[in-house]
Amino acid sequence: MSSAPPFLRHLPMGAPLPLVLDSPHSGEDYPDDFDHAPPRHEVRRAEDTHVARLYRCAPRHGATLIEATFPRSYIDPNRGLADVDPELLADAWGEPLAPTRKTAQGIGLVWRIARTGMPMYARKLPSAEVRARIDGYWRPYHEALAGELDRCHRAFGAVWHLDCHSMPAVGDANADDPGRARADFVLGDRDGTTCAPGFTHAVAAALRELGYDVAVNDPYKGVELVRKHGRPAENRHSLQIEVNRRLYMDETTLQPNDGYAKLERDLEALLSAVAAYVRSRVA
Ligand SMILES: [Zn+2]
């Protein structure tokens, strides 16, 4: 039984900064009507498990953290509303759709296939059911994030946004890079369009200082959330940050591994550096 609100908001402790983190894919509250066909442990491999917990230090550095409580395989906040797969539906959508490559890969707004490649459902979904997920989960999440970003921008004239994710250590069948080992971190600014280059550089430099290897826009460029909120010309800076799951968990059991505590400490150091960067630009 899930009666959880669709998101949790962790507000800054102490002096607030115009810095907002969001974790759209770490939700673990599976709604009762999510009748996925594969077993739960296979469906859970879609989650960015533990990501919101790993960034719980953010409010201590003046940042706000928004986390989704629902699973991204139920409805994915990092996809646009037109990214619906007609193959998934029992009836007509009634509005123009613009499925992206993510939908072609089975991982659009509502996932058609699980990470293992198995179909997610043994039935077609009535479009009313998909709309109910949009209204009950996707919209409240987007409104919460947009509300925080707008509030910061009004107060400071600028806002910095880190869209926080984790990635499998090796590209899987529905990735753009199947079979390839990933860097420790991948930053995505959609080829320099969603934030000032200095922000991407500052985050990359802080991570390299901590000893990590960092790739930029390869293989993840950032998807809907940074695309929607990143408008550097308006001093709205959004950057997607993917951390490699092998650094903190067993990808089969989803349990934290021996690296978890070190990564948590290092992310706190990262947040400290990012907060200093933001502070230097609004002082
Ligand atoms: Zn993610």
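Here goes a summary of the coordinates provided. Just so we're clear, the structure is a prediction, and the values are computed from it rather than from any experiment.

Parameters at a glance
Residue numbering note: each chain is counted from 1, following its sequence as written. With the structure being a predicted model, the display of local features is reserved for residues of pLDDT at least 70 and the display and counting of side-chain atom pairs for 80 or more, all residues being used for whole-chain, interface and lining totals. Calculation of side-chain values draws on the structure's entire complement of heavy atoms; hydrogens and water are dropped beforehand. Only DSSP runs of H or I reaching four residues or more are called helices, and only runs of E reaching two or more are called strands; each is numbered from the N terminus. The cut-offs for exposure are 20% and 50% of the maximum accessible area for each residue type, with area from a 1.4 Å probe on protein chains only; residues under the lower value are buried, those over the upper are exposed, and the others partly exposed. In this tally, Lys and Arg are treated as positive and Asp and Glu as negative; His is ignored, and so are the chain termini. Take a side-chain nitrogen of Lys or Arg and a carboxyl oxygen of Asp or Glu: if they are within 4 Å of each other, that pair is a salt bridge. Water is absent from the atoms considered, so a metal site may look incomplete; donors are defined as N, O and S atoms within 2.8 Å of the metal, or 3.2 Å for Na, K and Ca. When two rings of Phe, Tyr or Trp (its six-membered ring) have centres within 6.5 Å they constitute a pair, described as stacked for plane angles under 30 degrees, edge-to-face for angles over 60, and tilted for the intermediate range. In this scheme, the term charge over a ring applies when either NZ of a lysine or CZ of an arginine sits within 6 Å of the ring centre and within 35 degrees of the ring normal. Pairs of N or O atoms within 3.5 Å make up the polar contacts considered here, provided that, within protein, one atom can donate a hydrogen while the other can accept it, and that residues adjacent in sequence are counted only when both atoms are side-chain atoms. The contact definition used throughout considers only heavy atoms, calling two residues in contact when any of these lie within 4.5 Å.

Secondary-structure assignment places Asp 83 in the loop between strand S3 (64–68) and helix H3 (101–104). Comment: no salt bridge for buried Asp 83; closest opposite-charge side chain is Arg 79, at 4.7 Å.

Pairing between side chains of opposite charge can happen when their charged atoms approach one another. Throughout the structure, instances matching the rule amount to 27 salt bridges. The partner of Asp 177 in a salt bridge is Arg 182, with the nearest N and O atoms 2.7 Å apart. Arg 182 sits in the buried class, given a relative accessible area of 6%.

With that settled, the discussion passes to unusual backbone geometry. With an omega of 5 degrees, the peptide bond between Asp 218 and Pro 219 qualifies as cis. On the secondary structure map, Pro 219 appears in the loop between strand S6 (214–216) and helix H6 (224–229). In this structure, Asn 217 is a non-glycine residue whose phi angle is positive, near 60 degrees. Mapped onto the fold, Asn 217 is located in the loop between S6 and H6. For Asn 217, a relative accessible area of 13% puts it in the buried group.

A few words now on the coordination of the zinc ion. Note on the zinc ion: its protein donors are His 25 (ND1), Asp 48 (OD) and His 165 (ND1). The metal-donor distances range over 2.0 to 2.1 Å. Along the chain, the residues donating to the zinc ion fall in the pattern H-x22-D-x116-H. Of the two residues, Asp 48 sits in the loop between helix H1 (40–43) and helix H2 (51–54) while His 165 sits in strand S4 (residues 159–167), which places them 117 residues apart along the sequence. Exposure class is identical for Asp 48 and His 165. Each is buried.

In total, this model carries ten aromatic pairs according to the counting rule given. Ring plane angle 55 degrees and centroid distance 5.3 Å describe the contact between Phe 34 and Tyr 74, whose orientation is recorded as tilted. Placement of the pair is Phe 34 in the loop between strand S2 (19–23) and H1 and Tyr 74 in the loop between S3 and H3, with a sequence separation of 40 residues. With a relative accessible area of 4%, Phe 34 lands in the buried category. By relative accessible area, which is 3% here, Tyr 74 ends up buried. With a centroid separation of 5.2 Å and an interplanar angle of 85 degrees, the aromatic rings of Tyr 74 and Tyr 137 are classed as edge-to-face. In this pair, Tyr 74 sits in the loop between S3 and H3 while Tyr 137 sits in helix H4 (residues 127–156), placing the two residues 63 residues apart along the sequence. In terms of burial, Tyr 74 and Tyr 137 fall into one category: buried. Over the ring of Trp 93 we find Arg 131, and its NZ or CZ is 4.0 Å from the ring centre. Positioned above the aromatic ring of Tyr 277, the side-chain terminus of Arg 281 is 3.9 Å from the ring centre.

Before going further, it helps to spend a moment on the side chain of Asp 163. Note that Asp 163 resides in strand S4. The buried charged residue Asp 163 lacks any salt bridge, with Arg 79 as its nearest oppositely charged partner at 8.5 Å. Among the polar contacts made by the side chain of Asp 163, one reaches the side chain of His 165 at a distance of 2.9 Å. Those residues in contact with Asp 163, other than ones at most four positions away along the chain, are Asp 22, Pro 24, Asn 78, Leu 225, Val 226, Leu 239, Gln 240 and Ile 241.

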